[in-house]
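# Structural features, examined
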Amino acid sequence: MSQRQRLLDVAQAEGRLTSVVGAVLDRYGAVWVGGAGQAPGLDGQYRVGSITKTMTAVLVVQARDEGLLDLDDPLAAHLGDVGYGEVTVREALAHASGMQSEPRGPWWERTRGGDFAALAAANDGSGRVAPPGAWFHYSNLGYGLLGEVVARRFGAPWRALVAERLLQPLGMRATSYLPRPGAQPGWSVDHFTGVRVHEPLTDTGAMAPAGQLWSTLADLVTWGQVLGGARPDVVRSSSLEEMQRPVTPDYGLGLMLGVHPGGRLVGHNGSMPGFLAALHVDPDSGIGAVVLANATTGIDPRELAVSLIEGDPDADDARPAPWRPTVVVPPEAAGVPGLWFWGNTAYDVRWHNDGLELRAMARGNVVTDRFEPVHGTLVGVSGYHRGERLDVVRRPDGSVHHLECATFVYTRTPYDPEVDVPGGHPR
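This report concerns the structure included in the present document. (Residues numbered from 1 in each chain as written. Predicted model: local features only at pLDDT ≥ 70, side-chain atom pairs only at ≥ 80, totals over all residues. Heavy atoms only, no water.)

Now for the overall build of the chain. A count of helical and extended segments in the chain gives 10 helices and 18 strands. Taken over the C-alpha atoms alone, the chain extends approximately 75 × 50 × 40 Å along its principal axes. Taken over 427 residues, the chain has a buried fraction of 55%. Where the 36 positive side-chain charges of the chain centre and where its 48 negative ones centre are 3 Å apart. (Helix = DSSP H or I, 4+ residues; strand = E, 2+ residues; numbered from the N terminus. Buried < 20%, exposed > 50% of the residue type's maximum accessible area, 1.4 Å probe, protein only. Lys, Arg positive; Asp, Glu negative; His and termini not counted. Charge placed at Lys NZ, Arg CZ, Asp CG, Glu CD.)

Written out as structure tokens, the structure reads:
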């Protein structure tokens, strides 16, 4: 097993990911591809979230290079009398606009979006958190406005511009506005029980330039080559270098900036309900990595992408047990997963891969004990309580009152006064 494959296996197991795929690239294409869980490979389509912003940013720079706008133009010069009209194009690209992070109204990532007129009407500028240029404050709203800027300058909808000016010239045929048949479903995992639920699929409307797109490893390898400087026919080398220069310490013009042991990195993370993504590339060497997963949380996708670039020097041949979604919590553990206390010590108690795990929260959620069903009871299989029985004490209505194991008493609140705690209750 390769070092990189082990990284994906560990991410899937520890992050409770239905699937995770990764690729390492250079200026010539993919040099390594792997997956864990129900992984579809190079051609599986995932939602890529804010990696979409890098394409919106390239469209803005293309418009500037064609003389249609200046990066120091105020947004009002292109959008008319709108909230935040005094913000410059450059400030919006770099999240230095002072706009609030999200547009007003229901959470845009989980609801059907309206048109630009509705977006502008709902965001009149009163949600400002800082003066323009004061500091970095990530703003999805800013990219909704930038999408309309390029639409008006080029005279076509943002969606069409992405297809005609970026995807078609690059041959990125598997990247789309809405998911194609067979695309990966978006999943969220209940923190305590491990049961999966589907996340909603939405057309985000005027907010699409901030995070709408779907793509694949293969297509994002191509886009990584663009961000790494291999396609000056799409974005001029001088313009790409401008995008890569810091406006704030960790962000340029539409690009996240960072470092890895071999040099610097540019790219972007992405997240939408049910999905995580990252694409980061070293513009000096052209080496980079892509990560895609269909989970709302569970990993830091950028950290995993950087690790794929370098490999895992501490890897061994031990393969972690893959995470399996919970279908149903068995009767002996029903109602148990959740937050518990042994005295004042908090435990994150999860049903995980057909067993109950106690994770000490003050110790970084390290698993201290694991119990598994044996003939209708829960018996310790690892940790201090190995071989001991965990008694689930229930109320007459069947709800869980407290837990006991070898005189250890676990309660829903610290030193619950309704439970007989050995030694009494602290005053």
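Moving on from the model shown.
Once that is clear, we can look at the sheet that holds strand β8 (residues 263-272). A sheet is described by the order of its strands in space; here 6 strands give the open sequence β2-β1-β10-β9-β8-β7, paired in antiparallel fashion. Of all the strands in the sheet, the pair left with one neighbour each is β2 (29-37) and β7 (256-260). The average angle at which neighbouring strand axes cross in this sheet is 20 degrees, direction not considered. Inspection of the sheet shows strand β1 (residues 19-26) paired to strand β10 (residues 288-293) by 6 bridges, in the antiparallel sense. If you follow Val 20 over to β10, its bridge partner there is Ala 293. Sheet contacts for helix α1 (residues 3-15): β1 and β2; angle to β2, the most-contacted strand, approximately 35 degrees. (Pairing = 2+ DSSP bridges. Axes fitted to C-alpha atoms, helices over the stretch in contact; angles between N-to-C directions. Contact = heavy atoms within 4.5 Å.)

Glancing now at the pattern of salt bridges. Under the defined criterion, the tally for this structure stands at 19 salt bridges. Among the salt bridges present, the one from Arg 90 reaches Asp 72, with a minimum N-O distance of 2.9 Å. In this pair, Arg 90 sits in helix α4 (residues 89-93) while Asp 72 sits in the loop between α2 (51-65) and α3 (76-79), placing the two residues 18 residues apart along the sequence. Under the relative-accessibility criterion, Asp 72 is labelled partly exposed at 45%. Where Arg 152 meets Glu 148, a salt bridge forms, and the shortest distance between an N and an O atom there is 2.8 Å. Placement of the pair is Arg 152 and Glu 148 together in helix α6 (residues 140-154), with a separation of 4 residues, close to one helical turn. The partly exposed category is assigned to Arg 152, whose relative accessible area is 37%. (Salt bridge = Lys/Arg side-chain N within 4 Å of Asp/Glu carboxyl O.)

With that settled, the discussion passes to the nonpolar core. One broad trend across soluble globular proteins is that nonpolar side chains are buried collectively. In this structure, Leu 75, Leu 93, Trp 223, Met 243 and Leu 292 are the most contacted members of the largest nonpolar core, which totals 73 residues. Counting residues per element, this core draws most heavily on α2, at 8 residues. In this structure Trp 223 touches Thr 54, Met 55, Val 58, Leu 166, Leu 170, Met 172 and Leu 279, once residues within four positions along its chain are discounted. Grouped together as the second largest cluster of nonpolar side chains are 21 residues, Leu 7, Leu 8, Leu 276 and Val 306 included. (Core = buried A, V, L, I, M, F, W, Y, C linked by side-chain atoms within 4.5 Å.)

Once that is clear, we can look at unusual backbone geometry. In terms of backbone geometry, most residues other than glycine have negative phi values and most peptide bonds are trans. Despite not being glycine, Arg 16 shows a phi value in the positive range, around 55 degrees. Among the secondary structure elements, Arg 16 is positioned in the loop between α1 and β1. The phi torsion at Tyr 84 lies on the positive side, around 65 degrees, for a residue other than glycine. For Tyr 84, the position within the fold is in the loop between α3 and α4.

Our next topic: the packing of α1 against helix α10 (residues 301-310). Direction vectors running N to C along α1 and α10 enclose 160 degrees, while the axes themselves pass 9 Å from each other. When the axes of α1 and α10 are compared, the pair comes out roughly antiparallel. The chirality of how α1 crosses α10 is right-handed. Every residue of α10 that contacts α1 at Arg 4, Leu 7, Leu 8 and Ala 11 is listed here: Leu 304, Ser 307, Leu 308 and Ile 309. Its residues placed into classes, the contact of α1 with α10 shows 6 nonpolar, 1 polar and 1 charged. (Parallel < 35°, antiparallel > 145°, perpendicular 65-115°, else oblique. Left-handed = near helix turned anticlockwise from the far one by under 90°. Nonpolar A, V, L, I, M, F, W, Y, C, P; charged D, E, K, R; others polar.)

On to α6, then. An α-helix turns once every 3.6 residues. As a result, residues three or four positions apart point the same way. Between the first and last C-alpha of α6 there are 22 Å, a value that for 15 residues agrees with the 21 Å anticipated at 1.5 Å per step. With its phi angle positive at about 75 degrees, Gly 155 sits one or two positions after the end of α6. (Expected span 1.5 Å × (residues − 1).)

Counting buried positions along strand β13 (residues 356-360) gives 5 out of 5 residues, so the element sits mostly inside the fold. Burial along β13 is two-sided: the face carrying Leu 356, Leu 358 and Ala 360 and the face carrying Glu 357 and Arg 359 are both buried. Here strand β12 (residues 345-351) pairs with β13 via 5 bridges, running antiparallel. Bridge pairing in β13 places Tyr 347 opposite Ala 360. Across 5 bridges, β13 lies against strand β14 (residues 366-374) in antiparallel orientation. Looking at β14, one finds that Arg 359 is bridged to Val 367. Between β13 and β14, which follow one another and run antiparallel, lie 5 residues, and Gly 364 among them has a positive phi close to 75 degrees.

For the rest of this paragraph, the subject is the packing of aromatic side chains. Applying the stated criterion to the full structure yields 7 aromatic pairs. Cluster of aromatic residues (ring-pair linked, three or more members): Tyr 46, Trp 214 and Phe 275. Between the NZ or CZ atom of Lys 53 and the centre of the ring of Tyr 143, over which it lies, the distance is 5.8 Å. Here the guanidinium or amino end of Arg 196 rests over the ring plane of Trp 187, the centre of that ring lying 3.7 Å away. (Phe/Tyr/Trp six-rings, centres within 6.5 Å; stacked < 30°, edge-to-face > 60°. Lys NZ or Arg CZ within 6 Å of the ring centre and 35° of its normal.)

For Thr 54, the location among the structural elements is in helix α2. At a separation of 2.6 Å, a polar atom in the side chain of Thr 54 contacts the main-chain carbonyl oxygen of Ile 51. Polar contacts involving the side chain of Thr 54 include one to the side chain of Trp 223, which spans 2.8 Å. Leaving out residues up to four positions away in the same chain, Thr 54 has contacts with Trp 223, Gly 254, Leu 255, Gly 267 and His 268. (Polar contact = N/O pair within 3.5 Å; in protein donor to acceptor, adjacent residues only side chain to side chain.)

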